[in-house]
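One letter stands for each residue in the lines below.
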Amino acid sequence: MSDQAEPWPRDIAVLLGDPRLADRTKLDGAWSAEDHHARRLMREALQAAADSRGAEVRFRFLDRHATLLDDLANDPPDFAVNFCDTGYGNRPDRELHIAAYLELLGIPYSGAGPQAMVTCFDKALVRLAAQGLQVPVPEERFAEDAAAMPVADLSYPALLKPCRADGSTGITQDAVVGDAAAAGIQLARLAGEFPGEPVLAQEFLPGAEYGIGLIGNPDSGLQVLTPLRVDYGGLPADLPQILGFESKTDPTSPYWTDIRYLPAGLPAAAEAELAGHARRLFRRLGLRDYGRFDFRTDAAGRIKLLEVNPNPAWCYDGKLALMAGFGGMDYPALLGTILDTALARSRPATA
């Protein structure tokens, strides 16, 4: 820890999803042994980060959503680490509710505020913001619901996905479609899984896929982690090269076992360009403390924005942790740096 780092408060609450409740971002809607393993490693890493700083911290890990609001109101912590990326009640559309409630209680917390969560949850709004910043984006069609998507007018291949979703729900190997008939089948699936919800038909980008991770804040500086490249080389040739629901939830799927994540190895100019896009989007969309930005290359070799992730996955094997590791920052150091950053931002300025 640098001499300028903020001291850690004694009472820190870590807010998490509720494993007692159903969760549509999990395989079969239930938490797996891998999910619980990731939590154990996160708890150990936070404690190791505190120990390395000589901080005497009481970590409270709050994940019972039936009592969460009362727990926070009746015994407010000095600071909250908002790792509740499943949303209140394990509903991704209620992820902003946790941040909003912390603000109402006056509890400082890590990560994005409610407005950033609302905006980034809607992929079409993120695309509009990116266009305004001259960040390249895929061609895209929006429809208010799956039945309204004009399949005859689409360019193929296309990627069909929900406009508002998290954890790659709704995106499977069938999401990449090559013609109107396949599009109709996939749209019927989306209509059943996300009734009445808007959908997107996006230009399928067939080239290399990259991740850019940032830690910091615009006013104090943003650190760019070592960029990541998704290596689809081991994936069976008959499967579309995407990171869908299976890649995050199903240990038996080739999308889990056969995809690797490597340092991007981008030319310096290309890396600087992507980092610049990420920095501008971080500020424009109101992210705080950390964020992840996914990009992919089109058929002509142009790298375009896929997605912006406020409060990206905190787990030990997530993209953010991998990028940190590529640069020599281990998992406890990553979580400690995020907490240092959030504390520095949340402390009132002194005259």
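Because the structure is a prediction, the values reported are computed rather than measured.

**Structural notes on the pattern of salt bridges**
Applying the stated criterion across every chain, the model contains 21 salt bridges. Here Glu203 makes a salt bridge to Lys304, at a shortest N to O gap of 3.2 Å. With a gap of 101 residues between them, Glu203 in strand S7 (residues 199-203) and Lys304 in strand S13 (residues 303-310) connect regions that are remote in the sequence. A residue is classified by how much of its surface remains accessible, and Glu203, at 22% relative accessible area, is partly exposed. A salt bridge links Glu209 to Arg296; the shortest N-O distance between them is 2.9 Å. One end of the pair, Glu209, is in strand S8 (residues 209-217); the other, Arg296, is in strand S12 (residues 289-297), with 87 residues separating them in the sequence. No difference in accessibility class separates Glu209 from Arg296, as the two residues are buried. A single network of salt bridges, built from pairs that share partners, joins Asp11, Arg58, Arg60 and Asp75.

**Re the side chain of Lys319**
Within the fold, Lys319 resides in helix H10 (residues 319-326). Once residues lying within four places of it in the same chain are set aside, the contact partners of Lys319 are Glu209, Leu228, Leu243, Tyr261, Arg292 and Asp294.

**Let's talk about the sheet that holds strand S4 (residues 140-143)**
Spatially, S4-S7-S5-S6 is the arrangement adopted by the four strands of the open sheet, whose pairing is antiparallel. The sheet is open, and its two borders are formed by S4 and strand S6 (176-177), each paired with just one other strand. With four bridges joining them, S4 and S7 adopt antiparallel strand pairing. Looking at S7, one finds that Glu140 is bridged to Gln202. In the packing of helix H5 (residues 123-132) onto the sheet, the strands contacted are S4, strand S5 (158-162) and S7, and the crossing angle to S4 comes to about 140°. Its contacts with the sheet put helix H6 (residues 180-193) on S5, S6 and S7, and the angle it makes with S5 is roughly 10°.

**Quick look at the pairing of S5**
Counting buried positions along S5 yields five of five residues, so the element is predominantly enclosed. Examined bridge by bridge, S5 and S7 share five bridges and lie antiparallel to one another. Directly across from Leu160, in S7, lies its bridge partner Ala201.

**What about the environment of Ala275?**
Position of Ala275 among the secondary structure elements: in helix H9 (residues 268-285). On the basis of relative accessibility, which here comes to 5%, the residue Ala275 falls in the buried class. Distance in space between the C-alpha atoms of Ala275 and Phe293 is 9.1 Å, their sequence separation being 18 residues. Apart from residues no more than four positions distant in its own chain, Ala275 is found in contact with Ile212 and Val224.

**What about the side chain of Ser110?**
Along the chain, Ser110 turns up in the loop between helix H3 (95-105) and helix H4 (114-121). Separated by 3.0 Å, the side chain of Ser110 and the backbone nitrogen of Asn82 make a polar contact. Setting aside its immediate chain neighbours within four residues, Ser110 contacts Phe79, Ala80, Val81, Asn82, Asp289, Ala342 and Arg345.

**Focus on helix H2 (residues 65-74)**
Residues His65, Leu68 and Leu72 constitute the buried set of H2. For H2, the buried positions fall inside an angular range of 10° around the axis, keeping them on one side. Across from the buried face of H2, at angles greater than 90 degrees, the exposed residues are Ala66 and Asn74. Turning to H2, the residues buried within the fold contact strand S1 (11-15), strand S2 (58-62) and H3.

Each value, and the rule that gives it
- Residues numbered from 1 in each chain as written.
- Predicted model: local features only at pLDDT ≥ 70, side-chain atom pairs only at ≥ 80, totals over all residues.
- Heavy atoms only, no water.
- Salt bridge = Lys/Arg side-chain N within 4 Å of Asp/Glu carboxyl O.
- Helix = DSSP H or I, 4+ residues; strand = E, 2+ residues; numbered from the N terminus.
- Buried < 20%, exposed > 50% of the residue type's maximum accessible area, 1.4 Å probe, protein only.
- Contact = heavy atoms within 4.5 Å.
- Pairing = 2+ DSSP bridges.
- Axes fitted to C-alpha atoms, helices over the stretch in contact; angles between N-to-C directions.
- Polar contact = N/O pair within 3.5 Å; in protein donor to acceptor, adjacent residues only side chain to side chain.
- Arc of directions from axis to C-beta.

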